[in-house]
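In case you want the letters, here they are:
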Amino acid sequence: MIRRPPRSTLDRSSAASDVYKRQEILMVAESVSNEKDLPKDTIFEAIELALASAAKKRYQEEVDIRVSIDRETGDFETFRCWTAVDFENYENSEIHILADSDLADEKELKEGDVDKEQIENPDFGRIAAQAAKQVIVQKVRDAERLEIIKKFRPYLNTLINGTVKKVTREFIIVDLGDNAEASLSRRDLVQGEIYRIGDRIKGILGEAERENRGSQLILSRSAKEMVVELFKLEVPEIAEEVIQIRAVARDSGARTKIAVKTNDIRIDPVGACVGMRGSRVQAVSNELGSERIDIVVWDDDPAKLLINTLSPAEVTSIVLDEENGTMEVKVKDENLALAIGRNGQNIRLASELIGWQIQIGGENEDLVTEDSPENKLIKFMGVDSDLAEKLIQSGFDTIQKISEASSEDLESIEEIDSEISEALLERSEAALLELALSDIEEGESKDNTLESIDLLDNEMIEKLTKNNVSTKEELADLASDEPVSYTHLTLPTSDLV
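Residues numbered from 1 in each chain as written. Predicted model: local features only at pLDDT ≥ 70, side-chain atom pairs only at ≥ 80, totals over all residues. Heavy atoms only, no water.

Looking at the overall build of the chain
Working step 1: Counting its secondary structure elements, the chain contains 20 helices and 15 strands.
Working step 2: The proportion of buried residues among the 497 residues of the chain is 41%.
Working step 3: Residue pairs in contact within the chain that sit at least 24 positions apart in sequence constitute 55% of those at least 6 positions apart.
Working step 4: Carbon and sulfur atoms provide 45% of the accessible area of the chain, an area that totals close to 28600 Å². (Helix = DSSP H or I, 4+ residues; strand = E, 2+ residues; numbered from the N terminus. Buried < 20%, exposed > 50% of the residue type's maximum accessible area, 1.4 Å probe, protein only. Contact = heavy atoms within 4.5 Å. Areas by Shrake-Rupley, 256 points an atom, 1.4 Å probe, with all protein chains shown as cover.)

What follows is the structure, encoded as structure tokens:
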């Protein structure tokens, strides 16, 4: 026969157990804080989550359990909570209360308020602690990561060195030292760059928020700041602020324009940046995969700055619309192609550098805007202005229309033979893919399927799917030349004329 101890003995045992729990909580907070070099508050928060996790196991349904620990005594209380929300955010009566309900009025709850009901504390014993171990471990890891990020925050937006630690299809993990790692997306690499484990790498340090996972250090080699920081290393006058980089426009991996200004009239800012026999600008270009870098003199007058930026193309007239921030620019006819640049790159970078929308044309030609049909054909199809104008006059004013045309339709246009028409059709399909990728990067659609991209036809989608590309993200992750190979397009090496 088992004799039950007197009630007074049970009460003393229960009280002793509560004291032990409080001491255990304080001991865990103290030891983990010292071991991991983390604030005690962080450890208390982890224990609160662990206790809440243990308490939730009593319920089959989804509930909101919160635990509050006294940081001084170790006493803790457990509450079941309901949050007052509006009708649109109301999902579950186990965790929500309608803010306009009678119950909310009775409890004087407004939207966002929390109604608490104290419940029995969970047992902070061996079983509960083991079940909640992962919660504590993850919380401590997140806290350690946050402490590392805090150490590196003074270096955000500056150039930092690291070593490639891991290479995946989407990211490169870079070891920054001091137990810190940064993630470098392949989209933030300079086009064509390949890195292997152990390689040294430079990039601009940044911080990004990940959903439900806190902050993360990231690197970028495609950011404008990359060019600025590299010039600071190569040009002492910039580091000493004798010369200022006032504006930067960059097409990563292809071309960059920077506008510089000197605070000392005795110093030529462009010459200082170029260096002896181009040594300084060449060092920056080499670090960026031979990216072309144009250096121009900054001017507070946007018209004069544009003239400097478009040089050596000769500008004949400029009309400013300050209210709308636009410029109408005329250049000599023979300089128009030079001013626009290949695929409209030069005028696009000039517009970005100055901060004005630019409409450009020859002395005897209509103005071309960045969004005009003519400029889109020049930019994405690689045709010159004469051929673009002929296509538009014949009704082929969009890349989609060219893609849907037959060879016979295109060959009916003056000076377009079978070779040029075939090249136009091939280039139109490649251009549609480029536009589709651009649409993904701008996040214009929440639908992640390839079918949601209007610019892709069924045949293209089928070919991409066979190559394990079935979503927008997978399509965007491909290198710029991969979609072309997947759709079996072969682009001519020579430019269309």
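Focus: the pairing of strand 5 (residues 159-167)
Working step 1: Bridge count for strand 5 against strand 6 (residues 171-177) is four bridges, and the pairing is antiparallel. Residue pairing across strands places Val167 opposite Ile172, the latter belonging to strand 6.
Working step 2: As consecutive antiparallel partners, strand 5 and strand 6 are separated by three residues. (Pairing = 2+ DSSP bridges.)

Some thoughts on the confidence of the model for the chain
Working step 1: Residues of the chain with pLDDT of at least 70 account for 78%, and the chain-wide mean is 79.
Working step 2: In this model residues 441-446 is a low-confidence stretch, pLDDT under 50, and it forms three contacts with partners more than four residues away in sequence or in other chains.
Working step 3: In this model, residues 479-497 is a region of pLDDT below 50 whose contacts with residues beyond four sequence positions or in other chains number 42 contacts. (pLDDT = per-residue confidence, 0-100.)

A few points about the pattern of salt bridges
Working step 1: All told, the structure shown has 21 salt bridges when counted by the stated rule.
Working step 2: Linking Asp294 and Arg255 is a salt bridge whose minimum nitrogen-to-oxygen distance equals 2.7 Å. Separated by 39 residues along the polypeptide, Asp294 in strand 12 (residues 292-297) and Arg255 in strand 11 (residues 255-262) bring together distant segments of the chain.
Working step 3: Judged by its relative accessible area of 14%, Asp294 is buried.
Working step 4: Classification of Arg255 by relative accessible area gives buried; the value is 10%.
Working step 5: Linking Arg266 and Asp264 is a salt bridge whose minimum nitrogen-to-oxygen distance equals 2.9 Å.
Working step 6: The network of salt bridges with common partners includes Arg255, Lys257, Arg292 and Asp294. (Salt bridge = Lys/Arg side-chain N within 4 Å of Asp/Glu carboxyl O.)

Comments concerning the sheet that holds strand 10 (residues 243-251)
Working step 1: Taken in spatial order, the three strands of this open sheet run 10-11-12, and their pairing is mixed. Only two strands of the sheet have a single neighbouring strand rather than two, namely strand 10 and strand 12. Put simply, the sheet's adjacent strands are angled 20° from each other on average, direction ignored.
Working step 2: By the bridge criterion, six bridges tie strand 11 to strand 12 in an arrangement that is parallel. Looking across to strand 12, one finds that Val260 is bridged to Val297.
Working step 3: Strands strand 11 and strand 12 of the sheet are contacted by helix 10 (residues 302-310), whose axis makes an angle of about 145° with strand 12. (Axes fitted to C-alpha atoms, helices over the stretch in contact; angles between N-to-C directions.)

Considering a negative patch on the surface
Working step 1: On the surface, Glu408, Asp409, Glu411, Asp417, Glu419 and Glu422 cluster together to form a negatively charged patch.
Working step 2: Contributions of two or more residues to the negative patch are made by helix 16 (407-411) and helix 17 (418-441).
Working step 3: It is helix 16 that provides the largest number of residues to the negative patch, a total of three residues.
Working step 4: Note that Asp417 resides in the loop between helix 16 and helix 17. (Patch = residues over 30% accessible without salt bridge, like charges linked within 9 Å, V, L, I, M, F, W, Y side chains within 5 Å. Lys, Arg positive; Asp, Glu negative; His and termini not counted. Charge placed at Lys NZ, Arg CZ, Asp CG, Glu CD.)

With respect to helix 2 (residues 40-56)
Working step 1: In this model, helix 2 (17 residues) spans 24 Å end to end at C-alpha, consistent with the 24 Å of a helix rising 1.5 Å per residue.
Working step 2: If you check which residues of helix 2 are buried, you get Thr42, Ile43, Phe44, Ala46, Ile47, Glu48, Ala50, Leu51, Ala52, Ala54 and Ala55. (Expected span 1.5 Å × (residues − 1).)

Examining the side chain of Thr256
Working step 1: Within the secondary structure, Thr256 is located in strand 11.
Working step 2: A distance of 2.4 Å separates polar atoms of two side chains, one belonging to Thr256 and the other to Glu291.
Working step 3: Other than its neighbours up to four places away in sequence, Thr256 contacts Val227, Val248, Ala249, Arg250, Glu291, Arg292, Ile293 and Asp294. (Polar contact = N/O pair within 3.5 Å; in protein donor to acceptor, adjacent residues only side chain to side chain.)

A few points about the sheet that holds strand 15 (residues 357-362)
Working step 1: If you trace the three strands from one edge of the open sheet to the other, you get 13-14-15, paired in mixed fashion. The two strands at the open ends of the sheet, each matched to only one other strand, are strand 13 (315-321) and strand 15. Geometrically, the sheet is characterised by an average inter-axis angle of 15° between neighbouring strands, direction not taken into account.
Working step 2: Bridge count between strand 13 and strand 14 (residues 326-331): six bridges; the pairing is antiparallel. Pairing of Val319 across the sheet is with Glu328, part of strand 14.
Working step 3: The strands touched by helix 12 (residues 345-354) are strand 14 and strand 15; relative to strand 15, the strand with the most contacts, the crossing angle is about 140°.

Digging into the packing of aromatic side chains
Working step 1: Counted according to the given criterion, the structure contains one aromatic pair.
Working step 2: Here Phe152 and Tyr155 contribute two aromatic rings whose centre-to-centre distance is 6.3 Å and whose plane-to-plane angle is 65°, an arrangement assigned as edge-to-face.
Working step 3: Given a relative accessible area of 8%, Phe152 falls into the buried group.
Working step 4: Classification of Tyr155 as partly exposed rests on a relative accessible area of 46%. (Phe/Tyr/Trp six-rings, centres within 6.5 Å; stacked < 30°, edge-to-face > 60°.)

Quick look at the side chain of Asn335
Working step 1: With respect to the element layout, Asn335 can be found in the loop between strand 14 and helix 11 (336-340).
Working step 2: Not counting residues up to four positions away in its chain, the partners in contact with Asn335 are Ala313 and Glu314.

Describing the environment of Ala337
Working step 1: Looking at where Ala337 falls in the secondary structure, it is placed in helix 11.
Working step 2: Relative accessible area serves as the criterion here: at 61%, Ala337 is assigned to the exposed category.
Working step 3: Taking C-alpha positions, Ala337 is 7.5 Å from Asp384, a pair spaced 47 residues apart along the chain.

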